[in-house]
Amino acid sequence: MTAPFTRTRMTWLAYILLALYGYFLNILGPITPFLNDEFDLSYTVSSLHFSAFAVGILLVGLGGHVLIRRVGRVRALAIGALGLGLGALLLVAGRAPAVTIGASFLMGVVGSLILAVVPAALSEEHGELRAVAISESNVLASLLSTAAPLLVGWLAGQAAGWRWALIAAALVTLLIGLLLLRRPSRAAAVDAARTGRRLPLAFWYYWIILVLAVSVEFCMVYWSADYLSGVLGVPVAGAAQAVSLFLAGMIVGRLIGGQAVRRFTPRAMILAALLLGSAGFALFWTTASPALGMAGLALTGLGVASLYPLILSLAIGAAGGDESQAGARTTLASGTAILALPLVLGRVADLVGLKGAFAVVAVLFAGMFVLMVVGKRPIRSNTTRMI
């Protein structure tokens, strides 16, 4: 009989810090127009803010586990929180693009320790129920991420100004980081004993599927507004607002998924989510009706929502106990997808048009489904412990 799921102090700490990380990651896009106006930036230069953050994610994915093993998970979370908060304040104070881009890089390269530590910490804390904890953490992260553009837009019309959307969150994050530094920390002895050991093949199998899942999510976030306006004829302002349908679908999907994972296996839920997301994307991609296109966008978000937390939980569970290295490598998967795939879709769009370029997303969905179905037997044979 499965033990009841209990949220500990570490559980809530991981939830809150991951939500703050998602908030800062998703606030860069909404504040870019204000930076463009103040510094007269080109589109290329303004895009470097997000690129710098993504490069930071990649660096943590490559080597973050070394630092985590050395200082321990609690201290690594403290460093990540301090990096996020200080980077956000530097971005607010910067009066030149070199400073604000550098601040974005600081947030990515230090703050992404949170992204690496949280799944490992939740896995260690909850064992076989890691999928429940990881799903719940992503629900809260989605809610706060969606609040970021709304808060920027509201404060921009107030006397305080849009910068307070960063300042307020930065002060909370810094406070958490300082409080964590006061707690005694120990290095992850279990993980340290595994230093140098290669992660199992099953982990890398799920890592590939994770890259595909994150790629779908960010391709839709980046390009769905352009598709709605350029292909389906939705007014630009309305198309931009319609992206919230995808995000709203993701929030609902993660709320449902967080409860469903208590009753169904992660693998069964992933296959169901892929079918739902694929159906939504097919409607979005093939219809000529703006209304149906937006309905398909919401349905795609509903299906895509559970993919990241569920695949992540399977990857961590297949890591053979080396959660710190696995957490860092899954961060590398996210950074790779965020940095590369939206650019790939954009490049294909330059060659064949935006409608044709969205075939990239169809291929990503198909790839995930094939890997989940075909890979069932080899994954089991290479994994001693699965959830």
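Refer to the structure above for everything that follows.
Residues numbered from 1 in each chain as written. Predicted model: local features only at pLDDT ≥ 70, side-chain atom pairs only at ≥ 80, totals over all residues. Heavy atoms only, no water.

Caption draft 1: Summary view of the overall build of the protein chain. A tally of helices and strands in the protein chain yields 17 helices and 0 strands. Here the C-alpha atoms of the protein chain give a radius of gyration of 20 Å, agreeing with the 21 Å that 2.2 N^0.38 yields for 387 residues. Reported as C-alpha extents along the three principal axes, the dimensions of the protein chain are approximately 55 × 50 × 35 Å. Residues counted as buried form 55% of the 387 residues belonging to the protein chain. Within the protein chain, residue pairs in contact and separated by at least 24 positions form 85% of the contacts whose partners lie at least 6 positions apart. When the accessible surface of the protein chain is totalled, it reaches about 16100 Å², and 68% of it is carbon and sulfur. (Helix = DSSP H or I, 4+ residues; strand = E, 2+ residues; numbered from the N terminus. Rg over C-alpha atoms; globule rule 2.2 N^0.38 Å. Buried < 20%, exposed > 50% of the residue type's maximum accessible area, 1.4 Å probe, protein only. Contact = heavy atoms within 4.5 Å. Areas by Shrake-Rupley, 256 points an atom, 1.4 Å probe, with all protein chains shown as cover.)

Caption draft 2: View of the packing of helix α11 (residues 266-286) against helix α13 (residues 307-317). At a minimum axis separation of 10 Å, α11 and α13 run at an interaxial angle of 150°. When the axes of α11 and α13 are compared, the pair comes out roughly antiparallel. The two elements α11 and α13 meet at a crossing, and its hand is left-handed. Packed against α11, whose contacting residues are Pro266, Met269, Ile270, Ala273 and Leu274, the element α13 presents Leu307, Leu310, Ile311 and Leu314 at the interface. (Axes fitted to C-alpha atoms, helices over the stretch in contact; angles between N-to-C directions. Parallel < 35°, antiparallel > 145°, perpendicular 65-115°, else oblique. Left-handed = near helix turned anticlockwise from the far one by under 90°.)

Caption draft 3: Region of interest: helix α6 (residues 130-156). In this model, α6 (27 residues) spans 39 Å end to end at C-alpha, consistent with the 39 Å of a helix rising 1.5 Å per residue. The largest bend in α6 is about 25°, located at Ala148, with the proline Pro149 one to four residues further on. (Expected span 1.5 Å × (residues − 1). Bend = angle between axes of the 7 residues up to and from the residue.)

Caption draft 4: View of the packing of aromatic side chains. Tallying each qualifying case throughout the model produces 13 aromatic pairs. Centre to centre, the rings of Trp12 and Tyr15 are 5.5 Å apart; their planes meet at 75°, and the pair counts as edge-to-face. In this pair, Trp12 and Tyr15 are both assigned in helix α1 (residues 9-39), 3 residues apart and thus about one turn of the helix distant. The exposure class assigned to Trp12 is partly exposed, which follows from its relative accessible area of 45%. With 5.7 Å between their ring centres and 85° between their planes, Tyr23 and Phe24 make a pair best called edge-to-face. In this pair, the class of Tyr23 matches that of Phe24, namely buried. Through pairs of rings, three or more aromatic residues link up here, namely Tyr227, Phe281, Phe284, Trp285, Phe358 and Phe365. (Phe/Tyr/Trp six-rings, centres within 6.5 Å; stacked < 30°, edge-to-face > 60°.)

Caption draft 5: Fine view of empty space enclosed by the protein. Scanning the model with the defined rule gives 2 cavities of 30 Å³ or more in all. Its boundaries defined by the atoms lining it, the second largest cavity holds a volume of some 30 Å³. As for the second largest cavity, its lining consists of Ser135, Arg254, Gly257, Gly258, Met269, Ser306, Pro309 and Leu310. If you list the elements that add at least two residues to the lining of the second largest cavity, you get α10 (236-260) and α13. Broken down by element, the lining of the second largest cavity gets its largest block of residues, 3 residues, from α10. (1 Å grid on protein atoms, 1.4 Å probe; cavity = no way out; pocket = protein on both sides within 12 Å on 5 of 7 lines; lining within 4 Å. Points joined across faces, edges and corners; volume = space filled by probe spheres on them.)

Caption draft 6: Here's a closer look at the packing of α1 against helix α3 (residues 73-93). Between α1 and α3, the shortest axis-to-axis distance is 11 Å and the interhelical angle comes to 25°. Considering their axes alone, α1 and α3 lie roughly parallel with respect to each other. With respect to the hand of their crossing, α1 and α3 are arranged in left-handed fashion. Taking contact as the criterion, the partners of Met10, Leu13, Leu17, Tyr21, Phe24, Leu28 and Ile31 in α1 are, on α3, Val74, Leu77, Ala81, Leu84, Ala88 and Leu91. Its residues assigned to classes, the contact of α1 with α3 shows 13 nonpolar, no polar and no charged. (Nonpolar A, V, L, I, M, F, W, Y, C, P; charged D, E, K, R; others polar.)

Caption draft 7: Seen up close, the environment of Ala260. Take Ala260: it is sitting in helix α10. You can call Ala260 buried: its relative accessible area is 17%. With 125 residues separating them along the chain, Ala260 and Ser135 place their C-alpha atoms 10.0 Å apart.

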